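Structural characterization, general
The chain contents come next:
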Amino acid sequence: ISLLISGIIFILEKTKTEVRYEKFRRQHIAQTDMAAKKCDSEIRGKQIYKIDNTCKPTNTFILDNPKNIKLICQGEGDLIADTELTRSRKTFKIIVCELKSGERKPRRHYEGRLLTNRYVVVRCENNLPVHFKNDIMNFGG
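Residues numbered from 1 in each chain as written. Predicted model: local features only at pLDDT ≥ 70, side-chain atom pairs only at ≥ 80, totals over all residues. Heavy atoms only, no water.

Here the focus is the environment of Asn59. Structurally, the position occupied by Asn59 is in strand β2 (residues 58-63). Along the primary structure Asn59 and Gln27 are separated by 32 residues, whereas in three dimensions their C-alpha atoms are 7.6 Å apart. When residues no more than four places from it in sequence are discounted, the contact partners of Asn59 are Gln27, His28, Ile43, Ile48, Ile95, Val96 and Cys97. Polar side-chain contacts of Asn59 include one of 2.8 Å to the backbone oxygen of Gln27. (Helix = DSSP H or I, 4+ residues; strand = E, 2+ residues; numbered from the N terminus. Contact = heavy atoms within 4.5 Å. Polar contact = N/O pair within 3.5 Å; in protein donor to acceptor, adjacent residues only side chain to side chain.)

Here the focus is the pairing of strand β5 (residues 92-104). In terms of strand pairing, β2 meets β5 through six bridges, oriented antiparallel. Within the sheet, the bridge partner assigned to Thr58 lies in β5 and is Glu98. The sheet contact formed by β5 and strand β6 (residues 107-125) spans nine bridges and is antiparallel. Paired with Arg104 across the bridge in β6 is Arg107. Between β5 and β6, which pair antiparallel and follow one another directly, the connecting turn spans two residues. (Pairing = 2+ DSSP bridges.)

Moving on, we come to the state of the cysteines. Considering all chains together, one arrives at two disulfides under this definition. One disulfide in the model links Cys39 with Cys97; its S-S distance is 2.0 Å. Disulfide Cys39-Cys97: the torsion about the S-S bond is -75°, which places it as left-handed. You can see Cys39 sitting in helix α2 (residues 39-45) and its partner Cys97 sitting in strand β5, a full 58 residues away along the chain. The two residues Cys39 and Cys97 agree in class, both being buried. Here Cys73 is linked by a disulfide to Cys124, with a sulfur-sulfur distance of 2.0 Å. (Disulfide = S-S within 2.5 Å. Buried < 20%, exposed > 50% of the residue type's maximum accessible area, 1.4 Å probe, protein only.)

Glancing now at the pattern of salt bridges. Under the definition given, this model contains nine salt bridges. Across the salt bridge formed by Arg118 and Asp135, the nearest N and O atoms sit 2.9 Å from each other. Of this pair, Arg118 sits in strand β6 while Asp135 is found in strand β7 (residues 128-137), placing the two residues 17 residues apart along the sequence. Residues participating in the shared-partner salt-bridge network are Asp78, Arg87 and Arg89. (Salt bridge = Lys/Arg side-chain N within 4 Å of Asp/Glu carboxyl O.)

Moving on: the nonpolar core. Phe24, Ile62, Ile69, Ile72, Phe92, Ile94 and Val120 are the most contacted members of the largest nonpolar core, which has 15 residues in total. At the level of elements, α1 (2-28), β5, β6 and β7 are the ones that each hand at least two residues to this core. Contact partners of Ile62, with chain neighbours within four places excluded, come to Phe24, His28, Ile29, Ala30, Ile69, Phe92, Lys93, Ile94, Val120 and Phe132. Residues Met34, Cys39, Leu63 and Cys97 belong to the second largest nonpolar core, which totals 11 residues. (Core = buried A, V, L, I, M, F, W, Y, C linked by side-chain atoms within 4.5 Å.)

Right, let's get into the environment of Pro66. Structurally, the position occupied by Pro66 is in helix α3 (residues 66-70). When its relative accessible area of 18% is taken as the criterion, Pro66 is described as buried. C-alpha of Pro66 to C-alpha of Ala30: the two residues are 36 residues apart in sequence and 8.6 Å apart in space. Look past the residues within four positions of Pro66 in its chain and what remains in contact with it is Tyr21, Arg25 and Ile29.

Let us now look at the confidence of the model for the protein chain. Counting all residues, the mean pLDDT for the protein chain is 88, and 87% of those residues have values of 70 or more. Here residues 7-12 is a poorly scored stretch, pLDDT under 50, and it has zero contacts once near neighbours within four places are set aside; other chains count. (pLDDT = per-residue confidence, 0-100.)

The following block contains the structure:
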C-alpha cells in the first residue's frame, strides 16, 4: 500500500508541475514574431492577470519555441548558487510589457520594449520551467 501511495503522490506532484508549466508557458512564452506594441492584445488574449483581477505591473515574454525554453531546465542552464534558480546558457529575445495606465481589466495599457541578447532566469521543477524570475544582459561576446 505504501508503494501505491508513493506512486499516487508522485503522479499528483508531476501533474501539479505540468499545470505550473502550462501557466508559465501561457504567461511568458510568445511567438518569435510578437511585436512590442502587441503587449495589450497578448496579455488580454492570454488572460494574464493577478488572482484579484488586477493587472500585473510587468510581464515578460520570451520569444522562442517552447522546446528551446524547456531545455534551460533539461541540462542547458546553469544553477545559480544558493538559489532554486537556473540561468539559461543561450540568450533570447524578450519583450518586457510595463503597465502604463489602468489597474483593472479591461481599462489598462501596457507599453512593450524588445530586448535582445538576454539570458533568462527561471525556477525549474521536474525539468520544466515554472517561474520567470528575471533577465540578464549578455555583456560577453
